[in-house]
Amino acid sequence: MLSPPAHVTDPTPKRVRRKEARPGELVKAALDLFVEKGFAATRVDEVAARAGVSKGTLFLYFPSKEDLFKAVIRENIANLFPTWNQEFKTFQGSSAEMLHYAMDLWWLNVGNTPASGIVKLIMSEAQNFPEIADFYQQEVVAPGTALLQSILQRGVDSGEFVHMESHKTVFSLIAPMIFLMMWKHSMGACAASARIIDPQEFIHIHVDLLLNGMRTKNHP
C-alpha cells in the first residue's frame, strides 16, 4: 500500500493515534527497564512513567506485570517465528547456507537488538517466575529449536549432512547464541571486552566448525 503524500494530513485524530500506540510504547518501556533493572526489581509505575502514561492506563492493557513481560517476549521474539518459518519453506540454497542464514537472521533480529536482554532475564530470574519461564519455553525455545532442527533434518534427508540425532545436535547451535547474548549483557558491556569478540564472525566460525563434522564426503 502506498503512503499518502507528505502534504496530506492524517485524518486520524491525534488522541486516537496516541491510544493505538500505547501498548507498543508500554512494551518498549518495559523491555528497557526489565533489562536495566531486572524483572523483579522493576515496578509497573516506573514502566508507566517511562511510557508517559498513568499506572491505571498500563493496567487497562496489561492486567499484571507478568502479562506485560509476556507481551515483551511476544512482540520482540515470538512474533518473528511465523515469518521465518514461511521464509525457510521456500529457501533455495543448500542446508549449510540455510544454517548460516538462520544464525545471521537470529543475531540481526534478536541478538543484536535490545531484545537480547530477554535471554539474560529468563536465565537469571526464571526460577523465581516459573509461569514466565513456561511461557518463554512455549513461545521462543520450542519454535526456535524446531526451526533449527528442521534445517539439520533437511540436510540429513538430502544427503548433505551425515546421519545425526537432530533433536540433540540442535543444542550445539543454540549454545553459542546464548553465549553471545549473555556476553553482550555482562562482559561485553565493558568497552575493552566488547572488542574481543566479533559476534557475526564468531557465529560463522562456530557454524563452519559444526559443518565440518556434519557434512558427508560427497558435500565438501
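For the structure itself, consult the block above.
In this report, we go over the structure that sits alongside the text. Computed from a prediction, not measured in an experiment: that's the story for all the values here.

Turning our attention to the overall build of the protein chain. Scanning the protein chain for helices and strands turns up 12 helices and 0 strands. Tracing the protein chain from N to C terminus, the helices and strands come up as α-α-α-α-α-α-α-α-α-α-α-α. Evaluated residue by residue, the protein chain yields a buried proportion of 40% over its 220 residues. Of the contacts made within the protein chain by residues no fewer than 6 positions apart, 70% connect residues no fewer than 24 positions apart.

Right, let's get into the packing of aromatic side chains. Under the counting rule described, the total for this entry stands at 12 aromatic pairs. Each residue in the set Phe34, Phe39, Phe69 and Phe129 is aromatic and connected to the rest through ring pairs, giving one cluster.

Mapped onto the elements, Pro23 comes out in helix H1 (residues 14-37). Once the C-alpha coordinates of Pro23 and Phe62 are considered, the two residues, 39 residues apart in sequence, prove to be 8.6 Å apart. Apart from the residues lying within four places of it in its own chain, the contact partners of Pro23 are Tyr61 and Phe62.

Locating Gln92 in the fold gives a position in the loop between helix H5 (81-89) and helix H6 (95-111). On the basis of relative accessible area, Gln92 is assigned to the exposed category, the value being 74%.

So, on to the packing of H6 against helix H8 (residues 130-158). Helix-helix packing: each pair is described by the crossing angle between the helix axes and the interaxial distance. Relative to each other, H6 and H8 sit at 165°, their axes nearing to 9 Å. Classified by the angle their axes make, H6 and H8 are roughly antiparallel. Here H6 and H8 pass one another in a crossing that is left-handed. Contacts between H6 and H8 involve Ser95, Met98, Leu99, Ala102, Met103 and Trp106 from the former and Val140, Leu148, Ile151, Leu152, Arg154, Gly155 and Ser158 from the latter. Across the contact of H6 with H8, the residue classes tally to 9 nonpolar, 3 polar and 1 charged.

Rules of the game
Residues numbered from 1 in each chain as written. Predicted model: local features only at pLDDT ≥ 70, side-chain atom pairs only at ≥ 80, totals over all residues. Heavy atoms only, no water. Helix = DSSP H or I, 4+ residues; strand = E, 2+ residues; numbered from the N terminus. Buried < 20%, exposed > 50% of the residue type's maximum accessible area, 1.4 Å probe, protein only. Contact = heavy atoms within 4.5 Å. Phe/Tyr/Trp six-rings, centres within 6.5 Å; stacked < 30°, edge-to-face > 60°. Axes fitted to C-alpha atoms, helices over the stretch in contact; angles between N-to-C directions. Parallel < 35°, antiparallel > 145°, perpendicular 65-115°, else oblique. Left-handed = near helix turned anticlockwise from the far one by under 90°. Nonpolar A, V, L, I, M, F, W, Y, C, P; charged D, E, K, R; others polar.

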